[in-house]
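Each chain is listed here by its residues.
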Amino acid sequence: MQKGVFHQGRILLVGDAAGLVRPMMGEGLSHAILSGQTAADEIASFLTAQAPDLSQYTHRVNGMIDTLRVSRLPIELFGFAMAARSALLKLVNLWQSPK
C-alpha cells in the first residue's frame, strides 16, 4: 500500500480500488471498510458545506496507511525471521548431507 491521492474532484477511491486490500490474503480489509466510512463522512461534510472539497479524504486515508504500516511491522519482521531461519536450515542440511 502506498500513500497517494485518493480523490479527484468529486471522485473518491475507496477500499480495494484505493489499493487498501492486499489481494493474496485480504489483509487490510478493515482499512478498506474504514475508508468507506471515512468517504461517507467526508462526502457528508462536503454536501453540508462544512468542507470546501474532498481533499481531507486523501489526508485521512494516507494516515490510515501509516497506521497499517506500523501495525504490520512486527508481523513482517516475524515473517522475515521465519524465512531467514528456513533458508539457514536448508543450508545446514545441504552442508550435512553426504556427498
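Refer to the structure printed above.
Cut-offs used in this document
- Residues numbered from 1 in each chain as written.
- Predicted model: local features only at pLDDT ≥ 70, side-chain atom pairs only at ≥ 80, totals over all residues.
- Heavy atoms only, no water.
- Patch = residues over 30% accessible without salt bridge, like charges linked within 9 Å, V, L, I, M, F, W, Y side chains within 5 Å.
- Areas by Shrake-Rupley, 256 points an atom, 1.4 Å probe, with all protein chains shown as cover.
- Salt bridge = Lys/Arg side-chain N within 4 Å of Asp/Glu carboxyl O.
- Helix = DSSP H or I, 4+ residues; strand = E, 2+ residues; numbered from the N terminus.
- Expected span 1.5 Å × (residues − 1).
- Polar contact = N/O pair within 3.5 Å; in protein donor to acceptor, adjacent residues only side chain to side chain.
- Contact = heavy atoms within 4.5 Å.

A. Region of interest: a nonpolar patch on the surface. Residues Leu-88, Leu-91, Val-92 and Leu-94 make up a contiguous nonpolar surface patch of roughly 390 Å² in combined accessible area. Along the chain, Leu-94 turns up in helix α2 (residues 55-96).

B. Geometry of helix α1 (residues 29-47). With 19 residues, α1 extends 27 Å between its outermost C-alpha atoms, agreeing within 8% with the 27 Å of an ideal straight helix rising 1.5 Å per residue. Phi turns positive one or two residues past the end of α1, at Ala-49, with a value near 65°.

C. Broad picture of the environment of Val-21. Tracing the chain through its elements places Val-21 in the loop between β2 (11-12) and α1. A C-alpha to C-alpha distance of 9.7 Å links Val-21 and Ile-33, two positions twelve residues apart in sequence.

D. Focus on the side chain of Asn-62. Note that Asn-62 resides in helix α2. Within polar-contact distance, the side chain of Asn-62 engages the backbone nitrogen of Gly-4 at 3.0 Å. If near-sequence neighbours (up to four positions away) are discounted, Asn-62 is found in contact with Lys-3, Gly-4 and Phe-6.

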